[in-house]
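# Results of the structural survey
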Amino acid sequence: MSRRMCGIILNRRHRYHSIISIIILLALTSSASSGSRRILHIDSNDYLFLDEMIFGFSLEHSFDMISQKGKLYSKNHYAVYSVGMSVLLVDGSLYVSSRAVRRSVGRILIPRDAGEHILKSFMPRIDLTRKGDALHAEFPNGDASPPYGSEERDRRPSKDRISFIVIDPGHGGRDPGAVGKGGLEEKDITLKVANFLEKKMMERLPGTRAILTRRDDRFIELSERTDAANRLLRRNENGIFLSIHVNSSLSSRISGYETYFLSQNPTNEDARNTAALENNVIILEERSGRKEVYDDVDYIEAMMITTQIQKESSVLAGSIQNGLARKNKVFGSRGVKKADFFVLRGVLMPAVLIEIGYISNKKESLHLKSERYLTIIAEGIAEGVSLFIKRYNSLIKID
Ligand SMILES: [Zn+2]
């Protein structure tokens, strides 16, 4: 059998749509008879029409209108994208394009480089060449119809070095977070720790940028915190996301600090309760339908838990707990835990949520009022984070 060819037509102008439609029809006719020819048509401005990618390569697709996130999949391969974002998750690894995924007249446009990356990841033997306005896809062995989806890919860690830290002081504005006796509010404590932590990080890793999701007492929706972090991702640059919180319990005896990473299987009932408490903020969010968005077991979240990012997040959480344990001589470590925190969902980088202590514990709440104590907390977090970043960056393979 001769080499299989998929002709993919790249087109410069929308006015060619009618011509392309005819070509697609011809291709379909041909495909029906020989099963060998497929056509995908691409905008000249280095975008692929998503619907034609799906159509041309028999990919499966789902799209959430509210969150504007979509997933392409084929056998054990998947790619997750978000309209307006240049970062995609492809088979467990991040891919950062130079352009964002966009919508035009109801159609989704994938940057061409990202589209090619997805096709190569899904079909490792595909050979893509651009000839003028056309991008041709070839399958050299001709032994299967695309997609070739069965090869197990090695799940490589993302090879971009960590160059920035997003520090997210929990709550703010109309959302005070946990409130202790005497009106002590979580949102004020988290902002102080975030400010101290930023300074400590600059001292320890001067070449690393620190970005705070808020610098004053204002309300920010959870998805804004996440999106702000993801927008910072660039090719060859990765980040970490730290959300700072203060815990509260019905039992006034509980004290200590713990660091969480995202999982849909909470460590225990306490972890589940902590996540429920922190996730409550969504009822204060304004946009209608937010709850439904978060309630959906969205594909990006479902995929995140099986990826390298989750493993890296658990290592980061361990490093932070160790750092805190070395500095904090007053209260004990409650360990690394996992739970489903909405603010960590969809963060495309190692991400943790640190509960620095219990506002419901009398002795600990007195300490949480003390700026000196909060600088010790910041110092512990900074030490753990610095060690993680140094190790992470030293392990990156240059290829
Ligand atoms: Zn909180």
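Rules used in this analysis
- Residues numbered from 1 in each chain as written.
- Predicted model: local features only at pLDDT ≥ 70, side-chain atom pairs only at ≥ 80, totals over all residues.
- Heavy atoms only, no water.
- 1 Å grid on protein atoms, 1.4 Å probe; cavity = no way out; pocket = protein on both sides within 12 Å on 5 of 7 lines; lining within 4 Å.
- Points joined across faces, edges and corners; volume = space filled by probe spheres on them.
- Nonpolar A, V, L, I, M, F, W, Y, C, P; charged D, E, K, R; others polar.
- Phe/Tyr/Trp six-rings, centres within 6.5 Å; stacked < 30°, edge-to-face > 60°.
- Helix = DSSP H or I, 4+ residues; strand = E, 2+ residues; numbered from the N terminus.
- Buried < 20%, exposed > 50% of the residue type's maximum accessible area, 1.4 Å probe, protein only.
- Lys NZ or Arg CZ within 6 Å of the ring centre and 35° of its normal.
- pLDDT = per-residue confidence, 0-100.
- Contact = heavy atoms within 4.5 Å.
- Pairing = 2+ DSSP bridges.
- Axes fitted to C-alpha atoms, helices over the stretch in contact; angles between N-to-C directions.
- Parallel < 35°, antiparallel > 145°, perpendicular 65-115°, else oblique.
- Left-handed = near helix turned anticlockwise from the far one by under 90°.
- Expected span 1.5 Å × (residues − 1).
- Core = buried A, V, L, I, M, F, W, Y, C linked by side-chain atoms within 4.5 Å.
- Arc of directions from axis to C-beta.

Counted under the stated rule, the structure contains 4 cavities of 30 Å³ or more. Of the volumes computed, that of the largest cavity is approximately 100 Å³. Considering the residues around the largest cavity, the lining is formed by 16 residues, among which L222, H245, E278, V281 and V343 are closest to the centre. Considering only residue class, the lining of the largest cavity consists of 7 nonpolar, 5 polar and 4 charged.

For any pair of aromatic rings, the description consists of the separation of the ring centres together with the inter-plane angle of the planes. Under the criterion given, the structure shown has 3 aromatic pairs. Relative to F341, the ring of Y260 has its centre 4.9 Å away and its plane inclined at 70°; by these criteria the two rings are edge-to-face. Linking Y260 in strand 16 (residues 257-262) with F341 in the loop between strand 17 (333-339) and strand 18 (351-358), this pair joins segments that are 81 residues apart in sequence. The pair Y260 / F341 is uniform in exposure class, with both members buried. Taking the centre distance of 6.1 Å and the plane angle of 80° together, the rings of F331 and Y373 count as edge-to-face. Placement of the pair is F331 in the loop between helix 9 (308-327) and strand 17 and Y373 in helix 11 (residues 371-394), with a sequence separation of 42 residues. The exposure classification of F331 matches that of Y373, with both residues buried. Taking NZ or CZ as reference, R102 lies 5.3 Å from the ring centre of Y47, over its face. Over the ring of F219 we find R174, and its NZ or CZ is 3.8 Å from the ring centre.

A few words now on unusual backbone geometry. The general pattern is negative phi for most residues beyond glycine and trans for most peptide bonds. At S58, a residue that is not glycine, the phi angle is positive and equals roughly 50°. Mapping S58 onto the fold places it in the loop between helix 2 (50-56) and strand 4 (60-64). For S58, a relative accessible area of 38% gives the class partly exposed.

Taken residue by residue, the protein chain gives an average pLDDT of 79. The fraction at 70 or more is 76%. Taken together, the stretch residues 1-39 has pLDDT below 50 and engages in 90 contacts with residues farther than four places along the chain or on a different chain. Within the model, the stretch residues 288-302 combines pLDDT values under 50 with 34 contacts to residues more than four positions away or in other chains.

Spatial strand order, 14-13-15-18-16-17: 6 strands in an open sheet with mixed pairing. Each edge of the open sheet is held by one strand with a lone partner, namely strand 14 (209-212) and strand 17. Going across the sheet, the axis of each strand differs from the next one's by a mean of 25°, ignoring polarity.

Turning our attention to the packing of helix 4 (residues 186-204) against helix 11. For the pair helix 4 and helix 11, the least separation of the axes is 8 Å and the interaxial angle reads 50°. Overall, the two elements helix 4 and helix 11 adopt an arrangement that is oblique. Between helix 4 and helix 11 lies a crossing whose hand is right-handed. On helix 11, the residues that touch I189, K192, V193, F196, L197, K200, M201 and R204 of helix 4 are E371, L374, T375, I377, A378, E379, I381, A382, E383, V385 and S386.

This brings us to helix 9. Under the 1.5 Å per step criterion, the end-to-end length of helix 9 is 29 Å for 20 residues, consistent within 8% with the ideal 28 Å. What helix 9 keeps buried is the set Q308, I309, Q310, E312, S313, L316, A317, S319, I320, Q321, G323 and L324.

Here we come to the sheet that holds strand 8 (residues 93-96). Spatially, the 5 strands line up as an open sheet ordered 4-5-6-7-8, and their pairing is antiparallel. The open sheet is flanked by strand 4 and strand 8, the only strands paired with a single partner. If you compare each strand with its neighbour and ignore which way they point, the axes differ by 20° on average. Bridge count between strand 6 (residues 77-82) and strand 7 (residues 87-90): 2 bridges; the pairing is antiparallel.

So, about the nonpolar core. Core analysis: the biggest nonpolar cluster contains 41 residues, and L242, I356, I381 and V385 have the highest contact counts within it. A total of 10 residues in this core trace back to one element, the largest contributor, which is helix 11. By size, the runner-up hydrophobic cluster in this structure holds 31 residues, among which are V87, L222, I309 and L344.

The next point concerns helix 5 (residues 222-231). All of the buried residues in helix 5 are L222, S223, R225, T226, A229 and N230. One side of helix 5 carries all its buried residues, which in axial view fall inside an arc of 160°.

Okay, the packing of helix 9 against helix 11 next. At their nearest, the axes of helix 9 and helix 11 sit 7 Å apart, and the two run at 140° to each other. With respect to their mutual orientation, helix 9 and helix 11 come out oblique. The two elements helix 9 and helix 11 meet at a crossing, and its hand is right-handed. Contact with helix 9, carried on its side by E312, V315, L316, S319, I320, G323, L324, R326 and K327, involves I376, I377, E379, G380, I381, E383, G384, V385, L387, F388 and Y392 of helix 11 and no other residues of that element. Considering only residue class, the contact of helix 9 with helix 11 consists of 11 nonpolar, 4 polar and 5 charged.

Burial analysis of strand 15 (residues 237-247) places 10 of its 11 residues in the buried class, the great majority of the element. Pairing between strand 13 (residues 161-169) and strand 15: 8 bridges, direction parallel. Bridge pairing in strand 15 links F164 to G239. Strand direction decides the pairing type here: strand 15 and strand 18, joined by 6 bridges, are parallel. Each bridged residue has a counterpart across the sheet, and for N247 the counterpart in strand 18 is Y358.

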